[in-house]
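If you want the building blocks of each chain, they are given just below.
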Amino acid sequence: MKTKIAELLASKIEGFDTQKVEQLLEVPPKADMGDFAFPCFQLAKVFRKAPNMIAADIAEQIGEQPFLAKVEVKGAYLNFFVDKTIFVRQVMERACQPGYGKSDLGEGKTVCIDYSSPNVAKKFHVGHLRTTIIGNSLYKIFTKLGYQVERINHLGDWGTQFGKLIVAYKKWGSKEAVEENGIAELMNIYVKFHEEAEKDDSLNDEARAWFTKMEQGDQEALEIWQWFKDISLIEYKKTYEMLGIEFDSYAGESFYCDKSKRVIDECNAKNLLEESEGAYIVRLDEYNMAPCIVMKKDGSSIYATRDLAAVLYRKDTYHFDKCIYVTGLEQKLHFAQVFKVIELLGYEWAKEQLVHVPYGLVSLKGGKLSTRKGNIIYAEDILNESVNRIHEIIEEKNPNLPDKADVAHKVGVGAILFNDLYNQRIKDVVFDWDKIHNFDGETGPYVQYTYARAASILRKRNLSEFDMDCCIDCSILTDDASIALLKEINRYPEVIKAAADRLEPSVVARYAMAVAQAFNKFYHDNQCIVEDEEVCNARLKLLSLAKTILRDSLGLLGIECPEQM
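Just so it is clear, the model here is predicted, and its values are computed rather than measured.

1. Points about the packing of aromatic side chains
Applying the stated criterion across every chain, the model contains 25 aromatic pairs. The interplanar angle of 50 degrees and the centroid separation of 6.1 Å between the aromatic rings of Tyr100 and Tyr492 together place this pair among those described as tilted. Within this pair, whereas Tyr100 is found in the loop between α5 (84-95) and β4 (110-114), its partner Tyr492 is found in helix α20 (residues 480-502), the two being separated by 392 residues in sequence. On the basis of relative accessible area, Tyr100 is assigned to the buried category, the value being 11%. For Tyr492, a relative accessible area of 0% puts it in the buried group. One aromatic cluster in this structure is built from Tyr115, Phe124, Tyr236, Tyr240, Phe247 and Tyr250.

And the structure:
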């Protein structure tokens, strides 16, 4: 409809093609102002008339059109009211096609997404939860648009902290304690190291020495490090399984150690390296950035070196069209430096293809999270707490619900995911259990309950999905509530594209909420199970379509929908 209106206007306005008109068309804030509005302000200079007079002239030229109920002039705007029955038919035909929302936009293109990336030997905390949730949603969104997506978990499995951990293990740890308690024990001795290092700085020298041994291939150092890594991955995968998340690569920092030489060699070839206090840096003063350190005094690699090596390796391996890094806002400068160095090495694609996707902090009592002090809340604990609270609500409200454990898991985990993704990623996330688990608020459980309500209505007719090939009388669905729901359904493909363009899963989360709210208004205003078969079929078809859209859009957020709640 939007394109048809744009074509109509383009035929009446000299110098404006369909595409330009379509970009100018707006959706009015209120239904009584029409379905689309065209502002005539830009035409004032062309026609040398007041915008309201131009609007009136164009309206007269348009006259009656078979697909329009009417065209009204409101000030400088031309307001178009689409014929409702035609609108219903077009939306239903389009949205009932298999794979509605999918696109071939990304066909033949590859996107790498670097996310989650916990630090080995440290428990997976709520900070890591954010990058994991956002990255997983972006993976699903880009996949929906036809891209080949490589899911990369760039584990923090290298660096001086492992020298500290080896020292701590040798001084205060034991094999039995680590095997019995896993990461929790590694965390204990890591915290112990920092407490003792504040009193005895020589411990830091020992730690650096052990890390140098790791870099030089010392067998004992690497065996202990690998053991710590294996223990960590077992626990991380439990959390990923709970979230329903998988990765294509777990190549962490250690994977790029032997690839860092290429970075140093290329920097030398471009005369970018400069010695500074024993270390080697790339100066970025003219770009208003601090220098990027690429090699430490002792010749060992650093975080930035390994990230530079990773960029070049991923380009060679995956031939990506875009490489996205989902990390906290505090790493903005780091990635700006890394991307600029890649560009200075002569890789022009860095300007368009390397993207940092920052996000805000998690707000918790006790202030900022700190691994060193042991003041930390773990992701697994948050997820389990949410599931347990939902289980209690089920026991109170619906104790005879089948598969209670499965429902509690889907709703409990979904509540955490939706709470994170509903607001723009740059905003901080606050854990407020009463808000997160409110079945009447703007929450995951509200949307999931809406889906379950639709499923319940279909079950009354012994249906799981309505027959989408069934022909209906589209005039039955022209009431305000039905039209409002159809307008939301009609937006789905452009919502997915907007979420990808903005790298913003909240676009999808807010859309799912809008569909749920529109569905509940439709359900309130229209009884679906009625004696009139034509009315019943039309409303059930729309209901089933809305149910599918809810499941699909929540799926893009990593959230599952229970059939009963």
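Back to the write-up after that little detour.
2. Things to note about the sheet that holds strand β6 (residues 273-276)
Whenever strands of a sheet pair, they do so through backbone hydrogen bonds, lying parallel or antiparallel. On the basis of which strands lie adjacent, the open sheet formed by 3 strands has the order β6-β7-β8 and antiparallel pairing. Looking at the sheet topology across the chains shown, the edges are occupied by β6 and β8 (292-295). If you compare each strand with its neighbour and ignore which way they point, the axes differ by 45 degrees on average. Alignment of β6 against strand β7 (residues 279-282), held across 4 bridges, turns out to be antiparallel. Paired with Glu275 across the strands is Tyr280, a residue of β7.

3. Regarding the packing of helix α6 (residues 126-144) against helix α17 (residues 404-421)
Remark: α6 packs on α17, axes separated minimally by 10 Å, with the N-to-C direction vectors making an angle of 85 degrees. Considered as vectors, α6 and α17 are oriented roughly perpendicular to each other. Contacts from Leu129, Arg130, Ile133, Ile134 and Ser137 of α6 reach α17 at Ile416, Leu417, Asp420 and Leu421. For the contact of α6 with α17, the per-class residue count stands at 6 nonpolar, 1 polar and 2 charged.

4. Some thoughts on the pairing of strand β2 (residues 68-74)
In the sheet, β2 pairs with strand β3 (residues 77-82) via 6 bridges, with the strands oriented antiparallel. Bridge assignment links Val71 to a residue of β3, and that residue is Phe80.

5. A word on the nonpolar core
Counting 156 residues, the largest nonpolar core has Leu9, Phe38, Ile113 and Ile489 as its most contacted members. Excluding residues within four positions of it along the chain, Ile113 makes contact with Gly135, Leu138, Tyr139, Phe142, Val149, Glu150, Arg151, Ile152, Ile324 and Val326. Core analysis: the next-biggest nonpolar cluster, separate from the first, contains 35 residues, Cys112, Val263, Val311 and Tyr325 among them.

6. Focus on the sheet that holds strand β1 (residues 36-39)
Taken together, the 3 strands give an open sheet; going across it, the order is β1-β3-β2, and neighbouring strands pair in antiparallel fashion. One side of each edge strand has no neighbouring strand; the edge strands of this open sheet are β1 and β2. Strand-to-strand, the axes of this sheet are offset by a mean angle of 20 degrees, without reference to chain direction. Strand contacts of helix α1 (residues 2-10): β1, β2 and β3, with the helix running at about 135 degrees to β3, the strand carrying the most contacts.

7. Looking at a negative patch on the surface
A surface patch of negative charge is lined by Asp473, Glu531, Asp532 and Glu534. With respect to the secondary-structure elements, Glu534 resides in helix α22 (residues 533-555).

8. Re the pattern of salt bridges
Scanning the entire structure with this criterion turns up 31 salt bridges. For Lys487, the salt bridge identified is with Asp35, shortest N-O distance 2.8 Å. Of the two residues, Lys487 sits in helix α20 while Asp35 sits in the loop between α2 (18-24) and β1, which places them 452 residues apart along the sequence. Taking relative accessible area as the criterion, Lys487 reaches 27% and is therefore assigned partly exposed. By relative accessible area, which is 16% here, Asp35 ends up buried. With a closest N to O distance of 3.1 Å, Asp114 and Arg314 form a salt bridge. In this pair, Asp114 sits in strand β4 while Arg314 sits in helix α13 (residues 303-318), placing the two residues 200 residues apart along the sequence.

9. Thoughts on the packing of helix α7 (residues 160-172) against helix α10 (residues 202-215)
The interhelical angle for the contact between α7 and α10, taken along N-to-C directions, is 115 degrees, at an axis separation of 7 Å. As judged from the angle between their axes, α7 and α10 are roughly perpendicular. Like other packed secondary-structure pairs, α7 and α10 cross with a definite hand, here right-handed. Residue-level inspection shows Thr160, Phe162, Gly163, Lys164, Ile166, Val167, Lys170, Lys171 and Trp172 of α7 in contact with α10, the latter providing Leu203, Asn204, Glu206, Ala207, Arg208, Trp210, Phe211 and Met214. In terms of residue class, the contact of α7 with α10 is built from 9 nonpolar, 3 polar and 5 charged.

Conventions and cut-offs
- Residues numbered from 1 in each chain as written.
- Predicted model: local features only at pLDDT ≥ 70, side-chain atom pairs only at ≥ 80, totals over all residues.
- Heavy atoms only, no water.
- Phe/Tyr/Trp six-rings, centres within 6.5 Å; stacked < 30°, edge-to-face > 60°.
- Helix = DSSP H or I, 4+ residues; strand = E, 2+ residues; numbered from the N terminus.
- Buried < 20%, exposed > 50% of the residue type's maximum accessible area, 1.4 Å probe, protein only.
- Pairing = 2+ DSSP bridges.
- Axes fitted to C-alpha atoms, helices over the stretch in contact; angles between N-to-C directions.
- Parallel < 35°, antiparallel > 145°, perpendicular 65-115°, else oblique.
- Contact = heavy atoms within 4.5 Å.
- Nonpolar A, V, L, I, M, F, W, Y, C, P; charged D, E, K, R; others polar.
- Core = buried A, V, L, I, M, F, W, Y, C linked by side-chain atoms within 4.5 Å.
- Patch = residues over 30% accessible without salt bridge, like charges linked within 9 Å, V, L, I, M, F, W, Y side chains within 5 Å.
- Areas by Shrake-Rupley, 256 points an atom, 1.4 Å probe, with all protein chains shown as cover.
- Salt bridge = Lys/Arg side-chain N within 4 Å of Asp/Glu carboxyl O.
- Lys, Arg positive; Asp, Glu negative; His and termini not counted.
- Charge placed at Lys NZ, Arg CZ, Asp CG, Glu CD.
- Left-handed = near helix turned anticlockwise from the far one by under 90°.

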